Structure formats: C-alpha cells, structure tokens
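Take a look at the letters that make up each chain.
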Amino acid sequence: HSTVAYNSAACDHGAYTPGQQVKITYFGNLGDGRSEELLRLAQVLSRIDPALVLDIYGNALPEAAEAFSQRENIRYYGFVDAAALHGIVEKSDILLHVESFEEAMIPKLKYAFSTKIAQCLCAGRCFVSFAPGGSASSRYLQEAEGALPVSDEKELEQLLRKLVNDPALRQSYAQKAAATG
C-alpha cells in the first residue's frame, strides 16, 4: 500500500549558472537525526576546503541550533517562508538532502520519502543526497539519475570535492535534476 503526497512548490527556477563561490544549501526538516548528519557533512566540507560554508534553513531544536553555531562553516538561518526560500534556492550551487544513519531510524526510512526531494529536483540545481542506501529516497534517486545519492562518508567527500572543483560537473547534474523534476 502506498500514499502519494503532492508538493505544491513552484518549478519556475531559472537555469543554473555556476557561481564564483560555491553555495551549498540544506533546507527542510531538521528532526529525526538530520542535524547530526548535517554536522558530519560540515566536517566533510571543512576537509575539502575550510572556506566552504553550509547554509541551513529550517526549525532546529535549541541544542541543534547551538551545535550549528559552534561550527565555523555552518550558517544557520532558521525557518524562512516560501518566497525567501525560492530566492535562496535560485542562488544555490548544490542542494543537499540528508537522512539519519542511526540504527533505530534506518528501518523507518525504507518507505519514508521527503517531499523536499521533488522541490530539489524541480529547482534544477545539483542535488546531493546523503542517506542510507536502502532508504526509499536513495533507491528512487539512484533509479531516476537526476541526483547524486551517497551512503558512505568517504564517497561523499570524494563526490563533493569533485563538484566543488568542477563547475561543468555541477552544471551537468543541475540539468539532470531539472529533467527529472
């Protein structure tokens, strides 16, 4: 049995043009272990280039917001409305999705699917998902080929290193995301 939830987000983002400075953005739900994975992702980014910054938008619990503030390469903005988010996505080079790797969460991800995935693909930006391989979103993104699903931290670092240093590769994946969305 399945349930379909339609996403009303607009798909009228402009064509992607790589920026001079790579803007990496996460927006959405920060619960269910995602904050911990974003902290881990920020560590990966700092190994690639200490100047890389992860911009985070969403409602974080106070302890997660505090943890974000302790990282020099995280800018936590909190919740923004849909109009503001549209402009943020327009200026982004890489959009991120994360899911928890906690043992207790993994079985729940087998059928869970974030509506944010449709928004990210529709945005026509390079889209990277860091989630357990057996999750519904990872399986879908693997088949759709419009995004870059990764389930291993070492592989994540290698992929992000390539994307940060290769604007043409980001452009290629932005086009694939737009075609999928």
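Quick caveat: nothing in here was measured; it's all calculated off a predicted structure.

**Q** Requested: an account of the overall build of the protein chain, with residues and values cited.
**A** Regarding its fold elements, the protein chain presents eight helices and six strands. Taking 16 Å as the expected radius of gyration for a compact globule of 181 residues, we find that the protein chain reaches 15 Å, a close match to that expectation. For the protein chain, the spread of C-alpha atoms along the three principal axes comes to 45 × 35 × 35 Å. The proportion of buried residues among the 181 residues of the protein chain is 45%. A total accessible area of about 9400 Å² is found for the protein chain, and carbon and sulfur atoms account for 51% of it.

**Q** Could you give an account of the packing of aromatic side chains, with specific residues and numbers?
**A** Applying the stated criterion across every chain, the model contains three aromatic pairs. When the ring of tyrosine 57 is compared with that of tyrosine 77, the centres are 4.7 Å apart and the planes differ by 5°; the resulting orientation is stacked. Here the residue tyrosine 57 occupies a position in strand 2 (residues 54–57), and tyrosine 77 occupies one in strand 3 (residues 74–78), the gap between them amounting to 20 residues. With a relative accessible area of 7%, tyrosine 57 lands in the buried category. Looking at tyrosine 77, the relative accessible area reads 41%, which means it is partly exposed. The interplanar angle of 50° and the centroid separation of 5.5 Å between the aromatic rings of phenylalanine 68 and tyrosine 76 together place this pair among those described as tilted. For phenylalanine 68, a relative accessible area of 1% translates into the label buried. The ring of tyrosine 173 has lysine 176 sitting right over it, with the charged end atom 4.5 Å from the ring centre.

**Q** Summarise a negative patch on the surface; cite the residues concerned and give the values.
**A** Together, Asp32, Glu36, Glu63 and Glu102 make up a negatively charged patch on the protein surface. If you trace the backbone, glutamate 102 turns up in the loop between strand 4 (94–98) and helix 4 (106–109). Judged by relative accessible area, which is 39%, glutamate 102 ranks as partly exposed.

**Q** Please give an account of the packing of helix 7 (residues 153–165) against helix 8 (residues 167–180) that cites residues and values.
**A** One way to put it is that helix 7 packs onto helix 8 with a least axis distance of 5 Å and a crossing angle of 105°. On the basis of the axis angle, helix 7 is roughly perpendicular to helix 8. Of the residues in helix 8, those touching helix 7 at Lys162, Leu163, Val164 and Asn165 are Pro167, Leu169 and Arg170. Split by residue class, the contact of helix 7 with helix 8 holds four nonpolar, one polar and two charged.

Calculation notes
Residues numbered from 1 in each chain as written. Predicted model: local features only at pLDDT ≥ 70, side-chain atom pairs only at ≥ 80, totals over all residues. Heavy atoms only, no water. Helix = DSSP H or I, 4+ residues; strand = E, 2+ residues; numbered from the N terminus. Rg over C-alpha atoms; globule rule 2.2 N^0.38 Å. Buried < 20%, exposed > 50% of the residue type's maximum accessible area, 1.4 Å probe, protein only. Areas by Shrake-Rupley, 256 points an atom, 1.4 Å probe, with all protein chains shown as cover. Phe/Tyr/Trp six-rings, centres within 6.5 Å; stacked < 30°, edge-to-face > 60°. Lys NZ or Arg CZ within 6 Å of the ring centre and 35° of its normal. Patch = residues over 30% accessible without salt bridge, like charges linked within 9 Å, V, L, I, M, F, W, Y side chains within 5 Å. Salt bridge = Lys/Arg side-chain N within 4 Å of Asp/Glu carboxyl O. Lys, Arg positive; Asp, Glu negative; His and termini not counted. Charge placed at Lys NZ, Arg CZ, Asp CG, Glu CD. Axes fitted to C-alpha atoms, helices over the stretch in contact; angles between N-to-C directions. Parallel < 35°, antiparallel > 145°, perpendicular 65-115°, else oblique. Contact = heavy atoms within 4.5 Å. Nonpolar A, V, L, I, M, F, W, Y, C, P; charged D, E, K, R; others polar.

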